[in-house]
Amino acid sequence: MQNHPVYTDNDPQTEYSTLNLGPTHPATHGVFQNVLQMDGERIVSGVSTIGYIHRAFEKIAEHRPFYQITPLTDRLNYCSSPINNMGWYMTVEKLLNIQTPKRVDYMRVIIMELARIADHIICNGVLGVDTGAFTGFLYMMEHREEIYEIYEEICGSRLTTNIGRIGGFERNFNKIAFDKIRRFLVRFPPVLREFEALFNRNRIFVDRTKDVAAVTKEQALSYSWSGPILRATGVDYDVRAMEPYSSYEDFDFEVPVGENGDVYNRFLVRNEEMWQSLRIIEQALNKIEKEPTDIFHADVPAFYLPPKEEVYNNMEALIYHFKIVMGEVETPTAEVYHAVEGANGELGFYLVNDGGRSPYRLHFRRPSFINYQMYANMSRGMLLSDAIINMSSLNVIAGELDA
C-alpha cells in the first residue's frame, strides 16, 4: 500500500474530527459505514461497520428446497446475479452427481460472461463518475441494457433473473435470444474501445488513480483477496482457468493481470476481462451450433420439474412433479464446496446436506465481504477523495457484503 504520513491516534497536539462515511453518506457505494478519524482531509484511522442490510439468507436457505434458493442468490451480487444462480445450481449438481450436457454448459458460459460484462460496465463506469467523468458511464449504460434485454428474452426477468434450474435451464434459448447475443457482440466492441480511449490515457483520470491504494501480492493474498483486484496485483489466479467448471476447459482465453495493484490497474484488468468475455461468448456460440438444438437441461426427472402440459396428461410426469414439490426425493448425506469466478472474485457455496430437501447448513463465500475487510486499513493516510475512488475500485456490492 502507499506510503503515507505516520499518525498516532493519541497525539495530544492534534485535534481530529470524526466523519461517518456511510451508511447514508452520498459518496458511499452501498449501505455500509466507515467511522473515520480525520486530520483535515486526510484519514488518520477508520473502523468499518457492515450489516445494514443483513437478511440472514444462509439461515433462510435452510428452510427452502434447493430449487427455491435461487431468488436468494439473485440478491447477493445483483449486478451479475446469473453468475450466482449458475454457481448455486452447479453446487447442487455436484451434491447430486448430475452431469450436464455440453450445450447446457455452453449456454451457462454465455450467460455468466454477459453478467461479468454487465458488472464491469457498472464498476468501471462508476469509477469514472467518481473521478469526475460522467460521459463514459452514460455511454456504457445503453449496452448494459442490451444485456438485460437478452436476459429478458431468455427468462422474462432482467436484474434478478432466477435464470437457472437443477440440471440446466427452465426453457431453451430461442432464435431471438441468439440474434440479440450476436448483435451485442457486434455493437459492444467499438463502444468498449471508445470507453478505453476516454480513460486509459486521460491525464486527469490517470493522476487520480495511478499509485492510489496500491496493494502488493503478499498483502492481497494475506487478506484472501480474489478476482480482478487480486489479479491487478500480478497474481494470475482465476477459478475458470485453475479449476474449470461448466466446460471452461474447452475455451481459449487469457487471464489479465496487473502490476502494482492500484486503482488504475484494477480498472485496466476489468476492461481487459470484458474483451476476454466477448471472446469466450463468441467461442461458445460456435460450439453450441455443433450440439443438438433441443437440449437445455440434463435428464434428471427426479429433480427437474416436468412441463405443465405433461403433468396434465401424463401420470409419470404427475408423479415426478408431486415428489419434487413435496420433497419426497432422497438426496445424499454429504458436504460439498463449489466455486465459480464471480465478477468480484471467487464466489463459493459450502453446502452441508443431511439427506433432506433443504440444506442442513449453507454458507456463501462472498467475495465482496472478504475483499472489503482491508478497506479501513488501506485508507489510513489517504485523502478522503482517494478513499472514495478506492472504494469504487473494490466494487463492493452491499447485497454480497451482508447476505
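Use the structure listed above.
Read on for a plain summary of the structure. (Residues numbered from 1 in each chain as written. Predicted model: local features only at pLDDT ≥ 70, side-chain atom pairs only at ≥ 80, totals over all residues. Heavy atoms only, no water.)

1. Quick look at helix 6 (residues 175–199)
Note the cut-off: Only DSSP runs of H or I covering at least 4 residues are called helices, and only runs of E covering at least 2 are called strands; the numbering of each starts at the N terminus. One fewer than the residue count of a helix, multiplied by 1.5 Å, yields its expected span. Bend at a given residue is defined as the angle between two axes, one fitted to the seven residues that end at that position and one fitted to the seven that begin there. Relative accessibility thresholds used throughout: buried, under 20% of the residue-type maximum; exposed, over 50%; partly exposed, between the two (1.4 Å probe, protein chains only). Contact between two residues is taken to exist if any of their heavy atoms lie within 4.5 Å; hydrogens are not considered. Two N or O atoms count as a polar contact when they lie within 3.5 Å, although within protein this holds only if one can serve as hydrogen donor and the other as acceptor, and sequence-adjacent residues are included solely when both atoms are side-chain atoms.
In a regular helix each residue adds 1.5 Å, so 25 residues correspond to 36 Å; helix 6 covers 36 Å between its end C-alpha atoms and thus fits that length. Taking the largest bend as the criterion, helix 6 deviates by roughly 30°, centred on Phe188, and proline Pro189 comes between one and four positions later. Residues Ala177, Phe178, Ile181, Phe184, Leu185, Phe188, Pro189, Val191, Leu192, Phe195, Glu196 and Phe199 constitute the buried set of helix 6. For helix 6, the secondary structure elements touched by its buried residues are helix 4 (102–130), helix 5 (135–155), helix 7 (203–209) and helix 11 (263–288). Capping of helix 6 at its N-terminal end is provided by Asn174; its side-chain oxygen lies 3.2 Å from the backbone amide nitrogen of Ile176.

2. A look at unusual backbone geometry
Here the residue pair Gly22 and Pro23 is connected by a cis peptide bond, since its omega of 0° sits within 30 degrees of zero. Checked against the element boundaries, Pro23 lands in the loop between strand 1 (17–21) and strand 2 (33–39). Even without glycine at this site, Asn162 takes up a positive phi of about 50°. Looking at where Asn162 falls in the secondary structure, it is placed in the loop between helix 5 and strand 4 (164–165). Residue classification places Asn162 among the partly exposed positions, given a relative accessible area of 30%. Residue Ser224 is not a glycine yet carries a positive backbone phi of 60°. Within the secondary structure layout, Ser224 lies in the loop between helix 8 (217–222) and helix 9 (228–231).

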